[in-house]
Amino acid sequence: MVKAYQDYEFHPILHDVLDFFTVDLSAFYLDVVKDRAYCSAKGSPERRSAQTAMFTILRDSLLLMAPILSFTADEAWAHVPAFEGKDQSVHLGEFPESRDWLGTKRAGFVEDMERLLAVREKVLKGLEKARESKLIGNSLEARVTLKAPAADAAFLEARKDDLAALFIVSQVSIEKDTGEELAIEVGPAAGEKCERCWNWSIDVGRSAEHPTFCARCEKAVKAAKP
Ligand SMILES: [Zn+2]
């Protein structure tokens, strides 16, 4: 992007900004982290991590788009929470240093993410079909079963805890299958809908104090009490 500015090539910058905000950020990242940002316990690592990522994305993207979206960037800048070294106007700030975020991750991270996103694509198609046939309404009403060949099953099993959030469904289970390709089965989620986070869980109703909450929400609410 900096190279494009240096060459006075503004059109690809606008294209990249638009693409990043609508596809990567809005349709994927923010959709996936919304649940942990709104509902996880205030100081939980997953919520703090999402907040840090969102803050970094906001600060750096405003600085980068400021030269061509001057008024929009400056108006949004006024709403960025105060941080050490924050300039009064976005136009006084400098471009963020380019950092190789992915280079600091363990080897194979990008390949693993691509593999997970391909699974997500398949799951989204399965959810769409289930919605069309009125089996589910909202995706959180779904339980997804991944019928995976042995090689995929081990890969998915190791990331099991994050799959429901990635697919924005309430439950995910993995079954080893003899087929050659990963197959997706969608059914209604087990349990009841949690009043606070709208995820379905068999834990809803177990707490005497918060009978309409799932276990995660009960913990979060208890942790927030002084
Ligand atoms: Zn909940």
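The residue numbering used here restarts from 1 in each chain and proceeds along that chain's sequence as written. For this predicted model, a pLDDT threshold of at least 70 governs which residues receive local features, and a threshold of 80 or more governs which side-chain atom pairs are given and counted, while totals over whole chains, interfaces and linings are taken from all residues. With hydrogens and water set aside, each side-chain value is computed from the structure's full complement of heavy atoms.

(A) Summary view of unusual backbone geometry. Even without being glycine, lysine 134 reaches a positive phi, approximately 65°. Secondary structure counts use DSSP, requiring at least four H or I residues in a row for a helix and at least two E residues in a row for a strand, with both numbered from the N terminus. Within the secondary structure, lysine 134 is located in the loop between α5 (109-132) and β1 (142-148).

(B) Examining the sheet that holds strand β2 (residues 171-176) more closely. On the basis of which strands lie adjacent, the open sheet formed by 3 strands has the order β2-β1-β3 and mixed pairing. Each end of this open sheet is capped by a strand with a single partner; those strands are β2 and β3 (183-188). Ignoring which end each strand starts from, the neighbouring axes of this sheet average 20° apart. We call two strands paired when DSSP finds no fewer than two bridges between them. Pairing between β1 and β3: 6 bridges, direction antiparallel. Looking at β3, one finds that alanine 142 is bridged to proline 188. Any two residues having at least one pair of non-hydrogen atoms within 4.5 Å are treated as being in contact. Every angle, taken between N-to-C directions, lies between 0 and 180 degrees, and every axis is a line fitted to C-alpha atoms, over only the stretch in contact when it is a helix. Across the sheet, helix α6 (residues 150-157) touches β1 and β2, and the angle it forms with β1 is around 135°.

(C) Structural detail: the pattern of salt bridges. Here, a salt bridge means any side-chain nitrogen of Lys or Arg that lies within 4 Å of a carboxyl oxygen of Asp or Glu. Inspection of every chain in the model, using the stated rule, returns 14 salt bridges. The salt bridge involving lysine 222 is made with glutamate 209; its shortest N-O contact spans 4.0 Å. Taken as a pair, lysine 222 in helix α8 (residues 215-224) and glutamate 209 in the loop between β5 (200-201) and α8 lie far apart in primary sequence, 13 residues in all. Look at lysine 222 and you get partly exposed, because its relative accessible area is 43%. Within this structure, Glu209, Glu218, Lys222 and Lys225 form a network of salt bridges that share partners. Working definition: with a 1.4 Å probe on protein chains only, accessible area under 20% of the residue-type maximum means buried, over 50% means exposed, and in between means partly exposed.

(D) Representation of the coordination of the zinc ion within the structure. Listed as protein donors to the zinc ion are Cys194 (SG), Cys197 (SG), Cys214 (SG) and Cys217 (SG); their distances from the metal cover 2.3 to 2.4 Å. The coordination sphere of the zinc ion comprises 4 donor atoms, whose angles at the metal cover 106 to 114°; the geometry is tetrahedral. Coordinating donors are taken to be N, O and S atoms lying within 2.8 Å of the metal, or within 3.2 Å when the metal is Na, K or Ca; because water is excluded from the atom set, some sites may appear incomplete. Mapping the donors of the zinc ion onto the primary sequence yields the spacing C-x2-C-x16-C-x2-C. Here cysteine 194, found in the loop between β4 (192-193) and β5, pairs with cysteine 217, found in helix α8; they are 23 residues apart in sequence, far enough to count as distant. Each member of the pair, cysteine 194 as well as cysteine 217, carries the same accessibility label: buried. Tetrahedral means four donors with every angle between 85 and 135 degrees, whereas square planar (four donors) and octahedral (six donors) require angles over 155 degrees between opposite donors and between 65 and 115 for all others; sites fitting neither are termed irregular.

(E) View of the nonpolar core. In this description, a nonpolar core means a group of buried Ala, Val, Leu, Ile, Met, Phe, Trp, Tyr and Cys residues linked to one another through side-chain atoms lying within 4.5 Å. Core analysis: the largest hydrophobic core is formed by 22 residues, its most contacted members being Leu127, Leu146, Leu156, Leu163, Phe167 and Val169. Among the elements that make up this core, the one with the highest residue count is α5 (5 residues). Excluding residues within four positions of it along the chain, leucine 146 makes contact with Val119, Val123, Leu156, Leu163, Phe167, Val172, Ser173, Ile174, Glu175, Leu182, Ala183 and Ile184. Counting 12 residues, the second largest nonpolar core, distinct from the first, contains Ala4, Ala73, Trp77 and Val90.

By themselves, these observations are geometric and do not establish any function.
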